[in-house]
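Below, each chain spelled out in residue letters.
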Amino acid sequence: MTGGIPLLDGLAEEVVADFLSLAVRAAFPRGARLFTEGEPGDCVLVLLSGKVKATRPSPEGGEILLNMAGPGELLGELCLFDTAPRQATATAVQETTAYRAPVKEMSDWIDRHPEAARRVMVLLAARIRRMNDRIEDAAGVDVATRVARVLVEQGARFARRTSVGLRLTLDLSQDDLAHHVRASRERVNQILVDFTRRGWITRDGGDLLILDAPQLTRRARHRSRRPSLP
């Protein structure tokens with residue numbers, strides 16, 4: 001099973017087979033920790049299904065959401081390049097499956113296959129670009145734009161098209177979302193109510209329905225390199 005995995009897509013069959021020989025498929029129930037901040041980095045994970053949040057403690061005692069990772073993405077890859085401990089805690093927010101590759105064996109795989117090394121560097125560069133975008137969001141745009149950008153980014157990655165709109169299981173409480181966009185819970189709630197009043201989104205049980213993707217995307221003021229809603 002390698003379709004839709006950017007690390008492996010397009011690599012030669014023997015390179016993919018070599019990776020699969022060293023990786024072990026692992027399953028994690030909702031709420032399980034894949035790794036914990038401060039522990040040694042002993043493996044790299046390639047997500048196959050589900051969703052995982054990467055967090056660090058906030059000064060107020062809550063969590064700061066660093067990333068929400070889904071199928072095809074790498075987790076914990078920095079341990080391939082240094083021996084520093086994990087910088088975040090990774091927790092499954094849905095039932096999740098992943099390939100688990102021990103760091104020594106994966107480092108050797110990269111050494112054997114230069115094309116795999118280039119692929120890892122491309123994925124790291126994309127991660128750095130997303131981090132730079134989030135720094136810009138926190139410093140340079142208003143809260144409503146930051147909320148819209150989170151909804152568009154998460155929708156582009158995780159939403160399912162339905163007859164009435166894009167259905168997104170956000171897997172974030174309003175507190176989580178508020179921490180993520182560096183705003184108060186009350187302000188985030190006001191913005192979501194406003195987006196609902198405008199007919200862009202609505203709640204449906206625990207899911208969010210994106211009813212007007214073009215308007216929400218325009219409100220997010222996305223640059224061309226950012227993800228957009230289908």
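Below is a short write-up of the structure.

## As for the overall build of the protein
(1) Moving on: Tallying secondary structure elements over the protein gives seven helices and twelve strands in all.
(2) Moving on: Compactness check: the protein gives a C-alpha radius of gyration of 18 Å against a globular reference of 17 Å for 230 residues, within 12% of the reference.
(3) Moving on: Each of the three principal axes of the protein carries a C-alpha extent, and together these read 55 × 40 × 35 Å.
(4) Moving on: Counting the 230 residues in the protein, one finds 48% classified as buried.
(5) Moving on: Restricting to contacts in the protein with at least 6 residues of sequence separation, those with at least 24 account for 71%.
(6) Moving on: Of the side-chain charges in the protein, 34 are positive and 30 negative, and the distance between the mean point of each set is 6 Å.

## Comments concerning the packing of aromatic side chains
The geometry of an aromatic ring pair is captured by the separation of the ring centres together with the interplanar angle, meaning the angle of the planes.
(1) Moving on: Using the criterion set out here, one finds three aromatic pairs in the structure.
(2) Moving on: Note on F19 and Y99: the rings are 6.0 Å apart at their centroids and 80 degrees apart in plane angle, and the pair reads as edge-to-face. Residue F19 is found in helix α1 (residues 13-22), and its partner Y99 is found in strand β8 (residues 96-102); the two are separated by 80 residues along the sequence. Side by side, F19 and Y99 carry an identical accessibility label, which is buried.
(3) Moving on: Here F19 and W109 contribute two aromatic rings whose centre-to-centre distance is 5.2 Å and whose plane-to-plane angle is 55 degrees, an arrangement assigned as tilted. Taken together, the positions of F19 in helix α1 and W109 in helix α2 (residues 103-112) put the pair 90 residues apart, joining distant regions of the chain.
(4) Moving on: Given the relative accessible area of 0%, F19 is considered buried.
(5) Moving on: Here the aromatic cluster, defined as three or more aromatic residues joined through ring pairs, consists of F19, Y99 and W109.
(6) Moving on: Positioned above the aromatic ring of F158, the side-chain terminus of K51 is 4.3 Å from the ring centre.

## Describing unusual backbone geometry
(1) Moving on: Although it is not a glycine, D171 sits at a positive phi angle of roughly 55 degrees.
(2) Moving on: Structurally, D171 is set in the loop between β10 (166-168) and α5 (174-181).

## Focus: the sheet that holds β8
(1) Moving on: Strands sit in the order β1-β8-β3-β6 across an open sheet of four strands; the sheet is antiparallel. Strands with a single pairing partner mark the edges of an open sheet, and in this sheet they are β1 (24-28) and β6 (74-75).
(2) Moving on: Bridge analysis of β1 against β8 gives five bridges, and the strand direction is antiparallel. Considered in β8, the bridge of V24 is made with R100.
(3) Moving on: Of the strands in this sheet, β1, β3 (43-49) and β8 are in contact with α1, which crosses β8 at around 95 degrees.
(4) Moving on: Helix-sheet contacts for α2 involve β3 and β8, and the interaxial angle to β8 is about 75 degrees.

## Structural notes on the side chain of S58
(1) Moving on: With respect to the secondary-structure elements, S58 resides in the loop between β4 (52-57) and β5 (63-69).
(2) Moving on: Classification of S58 by relative accessible area gives buried; the value is 9%.
(3) Moving on: Once residues lying within four places of it in the same chain are set aside, the contact partners of S58 are E63, I64 and H179.

## So, the side chain of T91
(1) Moving on: With respect to the helices, strands and loops of the structure, T91 is situated in strand β7 (residues 89-92).
(2) Moving on: Each residue touching T91, except ones within four places of it in the same chain, is listed here: G31, A32, R33, L34, K51, V52 and K53.

## So, the packing of helix α4 (residues 143-158) against helix α6 (residues 185-197)
(1) Moving on: Between α4 and α6, the least distance of the axes is 10 Å, while the angle of their chain directions is 70 degrees. Of the possible angle classes, the one that applies to α4 and α6 is roughly perpendicular. The hand of the α4/α6 crossing is right-handed. When α4 is examined against α6, the residues V143, A144, V147, A148 and L151 are found in contact with a partner set consisting of R187, V188, I191, L192 and F195.
(2) Moving on: Looking at the contact of α4 with α6 residue by residue, the classes come out as nine nonpolar, no polar and one charged.

## Quick word on the nonpolar core
(1) Moving on: Of all hydrophobic cores here, the largest spans 30 residues; its most connected members are V147, L151, F195, I201 and L216.
(2) Moving on: Going through the elements one at a time, β5, α4, β10, α5, α6, β12 (207-210) and α7 (213-220) are the ones with two or more residues in this core.
(3) Moving on: Top element by residues in this core is α4. It accounts for eight residues.
(4) Moving on: Sequence-distant contacts of I201, defined by excluding residues within four places in its chain, comprise L151, L192, F195, T196, L208, L209, I210, L211 and L216.
(5) Moving on: Grouped together as the second largest cluster of nonpolar side chains are 24 residues, F19, A23, A101 and A116 included.

Criteria and thresholds
Residues numbered from 1 in each chain as written. Predicted model: local features only at pLDDT ≥ 70, side-chain atom pairs only at ≥ 80, totals over all residues. Heavy atoms only, no water. Helix = DSSP H or I, 4+ residues; strand = E, 2+ residues; numbered from the N terminus. Rg over C-alpha atoms; globule rule 2.2 N^0.38 Å. Buried < 20%, exposed > 50% of the residue type's maximum accessible area, 1.4 Å probe, protein only. Contact = heavy atoms within 4.5 Å. Lys, Arg positive; Asp, Glu negative; His and termini not counted. Charge placed at Lys NZ, Arg CZ, Asp CG, Glu CD. Phe/Tyr/Trp six-rings, centres within 6.5 Å; stacked < 30°, edge-to-face > 60°. Lys NZ or Arg CZ within 6 Å of the ring centre and 35° of its normal. Pairing = 2+ DSSP bridges. Axes fitted to C-alpha atoms, helices over the stretch in contact; angles between N-to-C directions. Parallel < 35°, antiparallel > 145°, perpendicular 65-115°, else oblique. Left-handed = near helix turned anticlockwise from the far one by under 90°. Nonpolar A, V, L, I, M, F, W, Y, C, P; charged D, E, K, R; others polar. Core = buried A, V, L, I, M, F, W, Y, C linked by side-chain atoms within 4.5 Å.

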